[in-house]
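The chain contents come next:
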Amino acid sequence: MAIKNAEDNGPTKKDQASSDTLFDGEQPTLEEIRSWGKSFDKLMRSHSGRKAFREFLRCEYSEENILFWLACEELKKETNPEAIEEKARFIYEDYISILSPKEVSLDSRVREIVNRNMVEPTPHTFDEAQLQIYTLMHRDSYPRFINSPQFKTLAQIPEGVSASGSTAESPSN
């Protein structure tokens, strides 16, 4: 059984400059979009924010990070023991296994914790790994996202102005 998450609908290629096509009619306010530039947590709590960030990660060839994070969130909602085991195996095979083309980057300590947890999977089998990937996205991809042309277009931030609102210093003549 493949896990199909609610955010995985729609065409793969989208015009990133057009927020209308990116958000499929669920247009966030400009204030909400700009709040994503101030807080990674706000970005990740917003369905539209996650969609925009996922599009950015797809362009950076690191979409597996948010897909893994989303799969872990879905697993945490599961209560049926058989479904938990099935979803945990799916997540392991898709994102943890060294044979997977979508393998996420985990350190050996966290990988060992996951391997131990897989003996008897629970909704929290991947908590350590999920936290490590969340931290990686926050520290690595998020700063590039908020300074990307895609985000600046969505947030209607002029070129030369950072997402935090400061302007780039221009050399004086």
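Residues numbered from 1 in each chain as written. Predicted model: local features only at pLDDT ≥ 70, side-chain atom pairs only at ≥ 80, totals over all residues. Heavy atoms only, no water.

Colleague: Is there a simple way to explain the overall build of the chain in this structure?
Modeller: A count of helical and extended segments in the chain gives nine helices and zero strands. Its helices and strands taken in sequence order, the chain reads α-α-α-α-α-α-α-α-α from the N to the C terminus. For the chain, the residues scored as buried account for 47% of the 173 residues in total. At a minimum sequence separation of 6, the contacts of the chain that also span at least 24 residues come to 58%. On the chain, roughly 9,900 Å² of surface is accessible, and the fraction owed to carbon and sulfur atoms is 51%. (Helix = DSSP H or I, 4+ residues; strand = E, 2+ residues; numbered from the N terminus. Buried < 20%, exposed > 50% of the residue type's maximum accessible area, 1.4 Å probe, protein only. Contact = heavy atoms within 4.5 Å. Areas by Shrake-Rupley, 256 points an atom, 1.4 Å probe, with all protein chains shown as cover.)

Colleague: Is there a simple way to explain a positive patch on the surface in this structure?
Modeller: Where like charges cluster on the molecular surface, the positive patch consists of Arg34, Lys38, Lys42 and Arg45. For Arg34, a relative accessible area of 34% translates into the label partly exposed. (Patch = residues over 30% accessible without salt bridge, like charges linked within 9 Å, V, L, I, M, F, W, Y side chains within 5 Å. Salt bridge = Lys/Arg side-chain N within 4 Å of Asp/Glu carboxyl O. Lys, Arg positive; Asp, Glu negative; His and termini not counted. Charge placed at Lys NZ, Arg CZ, Asp CG, Glu CD.)

Colleague: Explain the environment of Met118 to me, please; I cannot follow it from the model alone.
Modeller: By the element assignment, Met118 lies in the loop between α7 (108-117) and α8 (127-146). For Met118, a relative accessible area of 8% translates into the label buried. Spatially, the C-alpha atom of Met118 lies 7.9 Å from that of Arg89, the residues being 29 residues apart in sequence.

Colleague: Please clarify how α8 should be interpreted in this entry.
Modeller: For an α-helix the count is 3.6 residues per turn, leaving residues at separations of three or four pointing the same way. When the local axis directions of α8 are compared, the greatest deviation, roughly 35°, occurs at Asp140, which is followed within four positions by the proline Pro143. For α8, the secondary structure elements touched by its buried residues are α2 (30-36), α3 (40-45), α4 (47-59), α5 (63-77), α7 and α9 (149-154). (Bend = angle between axes of the 7 residues up to and from the residue.)

Colleague: It is not clear to me how the side chain of Asn65 should be interpreted in this structure. Could you clarify?
Modeller: Relative to the helices and strands, Asn65 resides in helix α5. Judged by its relative accessible area of 6%, Asn65 is buried. If we ignore the near neighbours within four places in the chain, the residues touching Asn65 are Val104, Ile133, Leu136 and Met137.

Geometric values such as these leave the question of function open.
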